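# Structural description and commentary
Each chain is listed here by its residues.
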Amino acid sequence: MNRRIHRAPLRSTVCVALIATSLAACSAAADQQKAAGTGGAANKDAKLNVALGSDVDLLDPHMFRTDAAYVVTANVYEPLLRQKYAEKSGVLEGQTEVGPGLAESWEVSPDGKKAVFHLRKDAKFADGTPVTSADVAYTFKRAMLGPGYITALLPFVGVSKPEQIQAPDPQTFILTPSFKSPLFERFLTFQVFGAISEKAAKAHSTTADPWATAWLKDSVTSSGAYQVKELSRGQQTVLEPNPGYYDAAKVKNGGITLKNVPDPDQRALLLRSGDIDVADSLPPRLVSQLKNDPSLTVNRIPSSRITYLGMNNTVAPLNDKLIRQAISYAIPYQAIIDKVQFGYASMAKGPVPPAMKSAAGEEYWKYNTNADKARELLKQAGKTRVSTQLAVREAQPQDTEAAVFIQEALRQVGIDVQIQKLPDATYYKRLNEHSLPMFLHDWFSWGEDPFFQMGFLLKSKAFTNYANYANPEFDALLEKGTFELDQAKRDDLSKQAQKIAIDDAPWAFLYSSDYLVVSRKGVSGVTRPFDQTLRFEYLTKTG
Amino acid sequence: MNRFLLRRTATTLVTLFGIVTVVFFLVRVLPGDAAVLRAGPYADAQRLAEVRAQYGLDRPLLEQYGSYLAGVVHGDLGTSTVSSGSVTYELMGRMPASLEIGLYAVLLACLIGIPVGVLAASREGGWADRVVRVLAAAGSAMALFWLGLLLIYFLFYRLGWFPGPVGRLPTGVDPPPTVTGLYTVDALIQGRVDVAWQAARALMLPVLTLVIVLVAPILKMVRGSMIEVLGTDYVRTAKAMGLPRREVLFRDGLRNAMLPVITAIGIVFGYMLGGNIIVETLFSWPGVGRYANQAIKNHDLDALQGFVIFVGVLYVLLNVVIDICYGVLDPRIRLGRRSN
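Okay, so let's go over this structure. Positions within a chain are numbered from 1, following the residues in the order the chain's sequence is written. The naming scheme follows written order: chains are lettered A onward, ligands numbered 1 onward. Side-chain atom pairs in this predicted model are given and counted only at pLDDT of 80 or more, local residue features only at pLDDT of at least 70, and totals for whole chains, interfaces and linings cover all residues.

### Observations concerning the overall build of chain A
Only runs of H or I of at least four residues qualify as helices and only runs of E of at least two qualify as strands under DSSP, and these elements are numbered from the N terminus. Assigned secondary structure in chain A consists of 18 helices and 23 strands. When we talk radius of gyration, it's over C-alpha atoms, and the globule rule is simply 2.2 Å times the number of residues to the 0.38. What you see for chain A is a C-alpha radius of gyration of 23 Å, in line with the 24 Å of a compact globule of 543 residues. Counting only C-alpha atoms and orienting by the principal axes, one finds that chain A spans roughly 75 × 55 × 45 Å. Exposure criterion: with C-beta atoms placed from backbone coordinates, a residue whose C-beta has 20 or more other C-beta atoms within 10 Å is buried, one with 12 or fewer is exposed, and one in between is partly exposed. Considering chain A as a whole, with its 543 residues, one finds that 59% of them fall into the buried category. What counts as a contact here is a pair of residues whose C-beta atoms, placed from the backbone, lie within 7 Å. Look at the contacts in chain A between residues 6 or more apart in sequence, and 73% of them connect residues 24 or more apart.

Written out as structure tokens, the structure is:
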């Protein structure tokens, strides 16, 4: 569950890429949703307490690394476009369409090389100054040229030079990408492109620090629904509604206090006692206990987060496809889902989990647990016993649990696995060197786009293709599909690629864990945006 | 006394130098590239080179060591990889939280442990002594995190006597303006008795958890040391001369028994300030221990290095204070005068 700090930078970057799918608009759509409260009227002035496992490191939207900082920046910086939401099992689920944000309308030329955004006139920063296209341009340039790790993002949609960013008048913002990307609009919903006040930033920049990093790490001139009233690292961050926000009337609560409660058991206890209203990053073990508490609601939506057993395709004996297939047959998928994830997961059945568009697992999946079949494949490979190592992160106890299930199942078919529990630093070092023979890992694609998912994880030579999978046929399908603009053709290419990957078994596709947020009864408006990071404007409670 | 202080300061400086050196080089041999960590995993070679240059990571190790050492002398423990903030500043910001919890816990543990230890020693073998010994054994056998969980579950969740583990103040109460950094004290300085009370309430459970565990070693130390002292000739003489029992116990007995106890208290207090990770995590307490814990989790080696040096300095200073206390308590070791 990788809501872990040092994955965050990765996530942000990736996101960009992956972003591909989602979008913004929000307010209008979600407003039509009924509040899912249980009796009593939702209270617009209600202040809610939300417990987070991590702590804010920086408030700089281009440099933060922790999940908590992600949550805060996502709620204080307003992007040009916003994701739309629709209710599903009581949760507001992010849709693939985008809607207006700071831009009330926009046009993209048919060749995709010119996008004109018309900014709303009533958008204001928390200090009362209007949000203009100059601020948006400043933000994009800071993202592109500034000190953060997100400089790599914009090239994904064909924007790589400052000349491609223009602000001809205060209400018009123009981007001129070098190619047409199906991800373009989704990309602009990223909070990392939420408007920073140019005036405030410039007032705090110096020659040594031209992008005001020293100031932005602790301060926000909000353009979004909330502003930061208090930031006490290690304790809490207090968000209050931004009075200048153009959509302030639609914010459904009177403010959010984010409590930093590092211990998950304490987060669970505080929920039960009513001291907090919403908690994130609770392990499935705790959620399975909390679901029986009548005062709580478990908000659960299948997610496209995938947990997989990576098998290094260039290391013997795993370089043999038959052996990888044997392993895939031997894994006790359902037992891991039931015992390790307490049922809060579903079979992944391929590199594109069921919750992602164009998932084709049902069609091509064949590895239902079958020890005889595994032994047979091993025999075909000319082996009776093989051995290898499986690396897990020490800090992820559920990975070790899953590894034990895998070890036992593989031992029974003649594959000896030695489990290596590695400290995170060692694990990631070796992972990034692509030198681990077998490893348990998980991944979430921000934009939930199958091509970005597969492109990052399985395309040959991709930096994050930790299993060194390489199949030219598969690569060709990805290249063709990534920029295919016809959705039906794109889905078809995606399915063909999945078919190959499932058969080649570069990983054992373990499971896809659910998005889980536990809240008090009476709380409604829990969101599940494309980046799985809570947005608070719809959150409210009765009483 | 002055000469003693002077000499003590000199050895202290040597010790500190050793700590900084060992920690600096130890951190360099740990896995993980600081530049990669700062720049993010997708940074290209050019960006990495910029970061290396900006943080001086491209210079020879000895040169880096030299500038780090120079920084430490000026109170600069470096820059955190994760937050890009000054490690000294961040540690000092968290110190009062650890200090407040540690101060009250150690104080209370002494207030309980010392008299009870004296009582047990004065009735060695009696029922009071037996009860105390059982309690002390129970206290030292109790795992801190387990005790904390139990106390939170029963006293907060089941009974509701104490506020929940959400840090130093309940939601909605603003911290008092910083004077000492101790919320209870600052609030009183401001005349805000209500805020002081809220801060005290938030302190109760974590302090109680610590006191239960800390009383045990203090009590055992006092008891053991007292029994030894009470068997000495001078105590027998004092008793024979008909001095009141209380005076014998506390003036002749306790004062002489305090030397090892002071050492134990000093070590416990150092631990409170620096290594109190379990209690700080359980109670969401924003102290120094949790800072270190986060630094480990985030692989923030610069922060970790700063923390280790900080704690090292703290221990060394505590030891100096303890040495001085020795001299105060026992004129025979009034150092410097006799050591020639």
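### Focus: the overall build of chain B
In terms of regular secondary structure, chain B is built from 14 helices and 0 strands. Within chain B, residue pairs in contact and separated by at least 24 positions form 70% of the contacts whose partners lie at least 6 positions apart.

### Focus on the environment of B:A202
Residue and element names in this part refer to chain B. When you line up the elements, A202 lands in helix α9 (residues 193-230). With 41 residues separating them along the chain, A202 and W161 place their C-alpha atoms 11 Å apart. Discounting chain neighbours no more than four positions away, the residues touching A202 are P163, G167, R168, L169 and P170.

### Some thoughts on the pairing of strand β14 (residues 306-311) of chain A
Residue and element names in this part refer to chain A. Counting buried positions along β14 yields 6 of 6 residues, so the element is predominantly enclosed. Burial along β14 is two-sided: I306, Y308 and G310 facing one way and T307, L309 and M311 facing the other are all buried. A strand pair is defined by DSSP finding two or more bridges across the two strands. Sheet topology note: the β14/strand β18 (residues 438-443) ladder contains 6 bridges and is antiparallel. Counted as the bridge partner of L309 is L440 from β18. Bridging between β14 and strand β19 (residues 507-513) involves 5 bridges; their strand directions are antiparallel. Each residue of the ladder has a partner; that of I306, found in β19, is S512.

### Thoughts on the pairing of strand β5 (residues 103-108) of chain A
All names here are of chain A. In terms of strand pairing, β5 meets strand β6 (residues 115-119) through 5 bridges, oriented antiparallel. Its bridge partner being in β6, V108 is matched across the sheet by A115. The antiparallel hairpin formed by β5 and β6 contains 6 residues in its connecting segment, where G112 sits at a positive phi of about 75°.

### Things to note about the environment of A:A425
All names here are of chain A. Mapping A425 onto the fold places it in helix α15 (residues 424-432). Residue classification places A425 among the partly exposed positions, given that 16 C-beta atoms sit within 10 Å. For the pair A425 and R393, spaced 32 residues apart in sequence, the C-alpha to C-alpha distance is 9.1 Å.

### Here's the deal with the packing of helix α10 (residues 321-330) of chain A against helix α14 (residues 397-413) of chain A
Residues and elements named next belong to chain A. Their axes nearest at 9 Å, the elements α10 and α14 cross at an angle of 120°. With respect to their mutual orientation, α10 and α14 come out oblique. As α10 runs across α14, the sense of the crossing is right-handed. From α10, A326, I327 and A330 reach across to α14, where they touch A409, L410 and V413. Only Asp, Glu, Lys and Arg are considered charged in this grouping, and only Ala, Val, Leu, Ile, Met, Phe, Trp, Tyr, Cys and Pro are considered nonpolar; every other residue, Gly among them, is considered polar. A class-by-class count of the residues in the contact of α10 with α14 yields 6 nonpolar, no polar and no charged. In this description, a line fitted to the C-alpha atoms serves as the axis of each element, helices being fitted only across the stretch in contact, and the angle between N-to-C directions of two axes falls anywhere from 0 to 180 degrees. Orientation is classified from the angle alone, with under 35 degrees giving roughly parallel, over 145 giving roughly antiparallel, 65 to 115 giving roughly perpendicular, and any other angle giving oblique. With the far helix as reference, a near helix turned anticlockwise by less than a right angle produces a left-handed crossing, and one turned clockwise produces a right-handed crossing.

### A closer look at the nonpolar core
Grouped together as the largest cluster of nonpolar side chains are 239 residues, with contacts concentrated most on A:L510, B:A105, B:L214, B:I218 and B:F307. Examining the composition of this core, we find that 21 residues originate from one element, α9(B), more than from any other. If we ignore the near neighbours within four places in the chain, the residues touching B:I218 are B:A109, B:C110, B:G113, B:I114, B:G117, B:V261, B:A264 and B:I265. By convention the nonpolar core is taken to be a set of buried residues drawn from Ala, Val, Leu, Ile, Met, Phe, Trp, Tyr and Cys and joined through C-beta atoms within 7 Å.

### Looking at the environment of A:A42
Mapped onto the fold, A:A42 is located in strand β1 (residues 42-43). Classification of A:A42 as buried rests on a count of 21 C-beta atoms within 10 Å.

### Description of the sheet that holds β18(A)
All names here are of chain A. The strand order β15-β19-β14-β18-β16-β17 describes an open sheet built from 6 strands, whose pairing is mixed. Among the strands making up the open sheet, the edge pair consists of β15 (345-347) and β17 (415-422). Strand-to-strand twist in this sheet, taken as the mean axis angle between neighbours without regard to direction, amounts to 30°.

### Structural notes on the sheet that holds β6(A)
The strands that make up a sheet pair up through hydrogen bonds in the backbone, lying either parallel or antiparallel. All names here are of chain A. Taken together, 4 strands build an open sheet; the order of strands is β5-β6-β8-β7 and the sheet is antiparallel. Edge positions in the open sheet fall to β5 and β7 (165-169), since each of these has one partner strand only. With direction set aside, neighbouring strand axes in the sheet form an average angle of 20°. With 4 bridges joining them, β6 and strand β8 (residues 172-175) adopt antiparallel strand pairing. Pairing of F117 across the sheet is with F173, part of β8. Contacting β6, β7 and β8, helix α4 (residues 133-145) crosses the sheet at an angle of about 170° to β7.

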